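Structural description and commentary
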Amino acid sequence: MNAQSCPDVLTVMGLNHWFGEGEAQKQVLHGINLTLKPGELVILMGASGSGKTTLLTLAGCLRSVQSGSIRLLGRELAGANEATLVTSRRQLGFIFQAHNLHESLTALENVRMGLEVHGRPAMTDWENKARAMLGELGLGERLNYLPSRLSGGQKQRVAIARALVANPPLIFADEPTAALDKDSGLAVVQLFLQRARSTGTTILMVTHDNRILDLADRIIVMEDGRLKSDTTRHAA
Amino acid sequence: MTASRKPVTARVLTLLLGRLPIGWLQLTHNRTRLIAAVGGVAFANILVFMQLGFFGALLETIRMPYRLLDADIFLTAADANTLTDGSYLPRQRLYEALARPDIEGGHAWYVGKLDWDLAPGQSISLQVFGFDPATRPFRSQELNDQLTALSVPDTALLDMATRTLDKSRFANASLKAPVSLELAGRQLDLIGGFRIGGGFEADGYLIVSDQTFMRLFPARSPGAPNHILLRKAGGTQADQVATDLREVLPAEDTRVETLASAIAKDQSYQTTKRPVGVVFGFGVIIGMLVGIIIVYQVLSTDVADHLKEYATFKAMGYPRRFFLGIVFEEAVLLALLGFVPGLLIATGFYAVVSKATGLPLEMNMMRAGAVLIGTIAACALSGALATRRLNAADPADLF
Ligand SMILES: Nc1ncnc2c1ncn2[C@@H]1O[C@H](COP(=O)(O)OP(=O)(O)OP(=O)(O)O)[C@@H](O)[C@H]1O
Ligand SMILES: [Mg+2]
């Protein structure tokens, strides 16, 4: 809906960011400009410390914008109040390096949390939605397992299910496979991308895995807080 | 395995809250910590209950002697705060009051304290009340009749609830079969009993005639009683009679109270100006502080332990009140889980202390309800404090 009224899902303009105070202050983003089109799968690469996570957390409403502008699904994030940030966060799926599942909730309940945040309408038939989502990610047999009884790959798949279950128009993923071994990591990412692309979701993902690059529409490389290159491989 | 295999509590809470009972699930996830937390709340509850129990017993023991009396107006020395302190009153005030049409009757009340040597090295203290045996000062007609019998000199009535008293020796004392006891070097004949029970001032009570009182306390004189009790005439209001009496009796030596206000002032004096009362009041506050600190510790550790999960929820778009809701849920559950064993154990302790000291420690609904509400409030306050850190931070800074 938002993607319709505003063709650009995400528009970043002149974004700067600093960490620290006074003497220790250090600029980690320098004048970033970036636009994501609906349905694109964009991969963000760059050396460690180049500012990828910082950019993602700013665009994902997880950090306050200090300087510059971020328009996310039609809303300006710079100077936005808490209520706007909360609303915007609900329209994204964010997948972290660590799974960050709640240890006291089963796989099914963790996924339920992705629906509950949207209130009553989203909760109708929640159990079937959550089961179907976990089923698609190959966890149909693990619905009532607590995270402590799941493998690393399974946990990350639950986290992906939680991010996808409410069908967000935009997904940010920050090295979702960093905590997994290479092969199971690849399998998880492939599942995630298949599922997300089948619904036309826009994706911005940080990864170091070259094997995934073939799937991307666009590859952006960062260096020392600046965009170094932006290559479109094939139109979305 | 399906979702419906959840334990009943979690299912009920899910329905009640309209969301997953994350607080409950978190609390029960770590059993050891849950037990420690519930133990802590119960401990704080017991502490508060015990202090309130002693405080209540203090109030009750202050009130008990007054409760025996059939009087509307209470005259006492201007500098007296309790039944036992202050100067004496001129008995003249009694006659001045009796001359008024709004006073129907009255009598003097003599109060003194004696040590009673039960056995060598075992002595208890008795509060001794002296009344004119020709009057009927008590609400109990049986006690009034017994007082009449005290017109025989050197006879007495003993409080059968007196602390450490071997009741079997005195329980059957009567006019026909008096039991003798030695008090202040005098031989007294015990001819009956009544029940008040010891308080914080004395271990028990003894009632004698005014004449016998003067023999026990040779320094005292009938013209100077401790208090004067008055009965108002029919059709008058005690408050009004007291106000009118205040106009005519000299304020420099006489304080005029209704019996009810005399009790209230005595209680308020002893609970706020006397060490015992202040100590118990202070104990209640300490108990509450201990409770708040324990619960705060538990809840803030719990928030710290789940900061990553909470940050994730915050990143997903859950609002502030959601986290406050989780912590309040935990706070209320801890309050309830700690309250039940706290109440049961405290009730048991009341019985033990009551048996050992004779003090009237009793659990009542009012007190239990007040402690429950206080516990929930303290837990909620701790919970609100514990989430401050979470509210202030950007989700990205919490991972
Ligand atoms: N919370 C923070 N406080 C201070 N400095 C930070 C903070 N987070 C990141 N930085 C610094 O900002 C720079 C950019 O960090 P960022 O995490 O965005 O890099 P990255 O590209 O995601 O690196 P990686 O590939 O290692 O994840 C780094 O120099 C890092 O040390
Ligand atoms: Mg990073």
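Computed from a prediction, not measured in an experiment: that's the story for all the values here. (Residues numbered from 1 in each chain as written. Chains lettered and ligands numbered in written order. Predicted model: local features only at pLDDT ≥ 70, side-chain atom pairs only at ≥ 80, totals over all residues. Heavy atoms only, no water.)

Here we come to the overall build of chain A. On a plain count of helices and strands, chain A comes out with eight helices and ten strands. In terms of overall dimensions, chain A has a C-alpha envelope of 50 × 40 × 40 Å along the principal axes. In chain A, which comprises 236 residues, the proportion classed as buried is 54%. In chain A, the proportion of contacts linking residues at least 24 apart, taken out of those at least 6 apart, comes to 66%. (Helix = DSSP H or I, 4+ residues; strand = E, 2+ residues; numbered from the N terminus. Buried < 20%, exposed > 50% of the residue type's maximum accessible area, 1.4 Å probe, protein only. Contact = heavy atoms within 4.5 Å.)

This part covers the pairing of strand E7 (residues 170–174) of chain A. Residue and element names in this part refer to chain A. The element E7 is extensively covered by neighbouring structure, given that five of its five residues are classed as buried. Side chains of E7 alternate between two faces, with Leu 170, Phe 172 and Asp 174 and Ile 171 and Ala 173 buried alike. Alignment of strand E6 (residues 92–95) against E7, held across four bridges, turns out to be parallel. What sits directly across from Gly 93, in E7, is Ile 171. In terms of strand pairing, E7 meets strand E8 (residues 202–206) through five bridges, oriented parallel. Pairing of Asp 174 across the sheet is with Val 206, part of E8. (Pairing = 2+ DSSP bridges.)

A few words on the site of ligand 1. Residue and element names in this part refer to chain A. Not every one of the 13 residues close to ligand 1 is listed here, only the nearest: Lys 26, Ser 48, Lys 52, Thr 53 and Thr 54. At 3.3 Å, a backbone N or O of Ser 50 approaches an oxygen atom of ligand 1. Here an oxygen atom of ligand 1 sits 2.5 Å away from a polar atom, N or O, in the side chain of Thr 54. For ligand 1, whose unbound accessible area comes to 630 Å², protein coverage reaches 64%. Those elements that provide at least two residues to the shell around ligand 1 are strand E2 (26–36) and helix H2 (52–59). The element contributing the most residues to the shell around ligand 1 is H2, with three residues. Here the residues of the shell around ligand 1 are counted per class, giving three nonpolar, seven polar and three charged. (Near = heavy atom within 4 Å. Polar contact = N/O pair within 3.5 Å; in protein donor to acceptor, adjacent residues only side chain to side chain. Areas by Shrake-Rupley, 256 points an atom, 1.4 Å probe, with all protein chains shown as cover. Nonpolar A, V, L, I, M, F, W, Y, C, P; charged D, E, K, R; others polar.)

Attention now goes to a nonpolar patch on the surface. Side chains of Phe282(B), Ile285(B), Ile286(B), Leu289(B) and Ile293(B) sit close together on the surface and give an oily, nonpolar patch of about 490 Å² of accessible area. Summarising the element assignment, Phe282(B) is placed in helix H9 (residues 275–305). (Patch = residues over 30% accessible without salt bridge, like charges linked within 9 Å, V, L, I, M, F, W, Y side chains within 5 Å. Salt bridge = Lys/Arg side-chain N within 4 Å of Asp/Glu carboxyl O.)

Residue and element names in this part refer to chain B. Here we have nine strands laid out as an open sheet, ordered E5-E6-E4-E7-E3-E2-E8-E1-E9, and mixed in their pairing. One side of each edge strand has no neighbouring strand; the edge strands of this open sheet are strand E5 (179–183) and strand E9 (254–258). Each adjacent strand pair in this sheet contributes to an overall mean axis angle of 35 degrees, direction not counted. Relative to strand E3 (residues 122–131), strand E2 (residues 103–119) runs antiparallel, the two being bridged by nine bridges. Bridging from a neighbouring strand, Ala 119 pairs with Gln 122 of E3. On the sheet, helix H7 (residues 238–248) packs against strand E1 (73–77), E2, strand E8 (227–232) and E9 and is oriented at approximately 170 degrees with respect to E9. (Axes fitted to C-alpha atoms, helices over the stretch in contact; angles between N-to-C directions.)

Moving on to the interface of chain B and chain A. Taken together, the contact pairs 29 residues of chain B with 28 residues of chain A. Counting the surface lost from both chain B and chain A, the interface buries some 2,800 Å², and carbon and sulfur atoms represent 59% of this. When residues of chain B are sorted by the area they lose upon contact with chain A, Leu20(B), His29(B) and Met316(B) head the list and together hold 21% of the total. Viewed at the interface, chain A and chain B are joined by zero salt bridges. Our count for the chain B to chain A interface comes out at eight residue pairs in polar contact (both at pLDDT 80 or more). Among the elements of the structure, helix H2 (22–29), helix H10 (307–316) and helix H11 (320–357) of chain B are those that each provide at least two residues to the side of chain B that touches chain A. In terms of residues, the side of chain B that touches chain A owes the most to one element, H10(B), which gives seven residues. (Buried area = accessible area lost by both parts, 1.4 Å probe.)

Residues and elements named next belong to chain A. Pairing in this open sheet of six strands is mixed, and the strands run E6-E7-E8-E3-E9-E10 from one edge to the other. The open sheet has two edge strands with one neighbour each: E6 and strand E10 (226–232). The mean inter-strand angle of the sheet, taken between neighbouring strand axes irrespective of direction, is 15 degrees. The sheet contact formed by strand E9 (residues 218–223) and E10 spans six bridges and is antiparallel. In the strand pairing of E10, Arg 218 is matched with Thr 232. Where helix H7 (residues 152–164) meets the sheet, it contacts E6 and E7, and its direction lies at approximately 165 degrees from that of E6.

Residues and elements named next belong to chain B. Residues other than glycine seldom take positive phi values, yet Thr 164 does so here, at roughly 60 degrees. Take Thr 164: it is sitting in the loop between strand E4 (155–159) and E5. Even without being glycine, Ala 184 reaches a positive phi, approximately 50 degrees. In this fold, Ala 184 is placed in the loop between E5 and strand E6 (186–194).

What follows concerns the packing of helix H3 (residues 31–67) of chain B against helix H12 (residues 365–386) of chain B. Residue and element names in this part refer to chain B. With their axes 11 Å apart at the nearest point, H3 and H12 run at an angle of 140 degrees to one another. Classified by the angle between their axes, H3 and H12 sit oblique to one another. The two elements H3 and H12 cross, and the hand of that crossing is right-handed. When H3 is examined against H12, the residues Val 41, Asn 45, Val 48, Phe 49, Leu 52, Gly 53 and Gly 56 are found in contact with a partner set consisting of Arg 367, Ala 368, Val 371 and Thr 375. (Parallel < 35°, antiparallel > 145°, perpendicular 65-115°, else oblique. Left-handed = near helix turned anticlockwise from the far one by under 90°.)

A separate point is the side chain of Thr76(B). All names here are of chain B. Positionally, Thr 76 belongs in strand E1. Exposure remark for Thr 76: the relative accessible area of 1% places this residue in the buried category. Reaching out from Thr 76, the side chain makes a polar contact with the side chain of His 227 at a distance of 2.9 Å. When sequence neighbours within four positions are dropped, the list of residues in contact with Thr 76 reads Leu 89, Asn 226, His 227, Asp 253, Thr 254 and Arg 255.

This part is about the confidence of the model for chain B. Residue and element names in this part refer to chain B. Per-chain confidence: chain B averages 90 in pLDDT, with 98% of residues scoring 70 or above. Scored below 50 in pLDDT, residues 1–5 shows nine contacts in the model against residues more than four places distant or in partner chains. For this predicted complex, the interface score ipTM comes out at 0.89, alongside a pTM of 0.78. (pLDDT = per-residue confidence, 0-100.)

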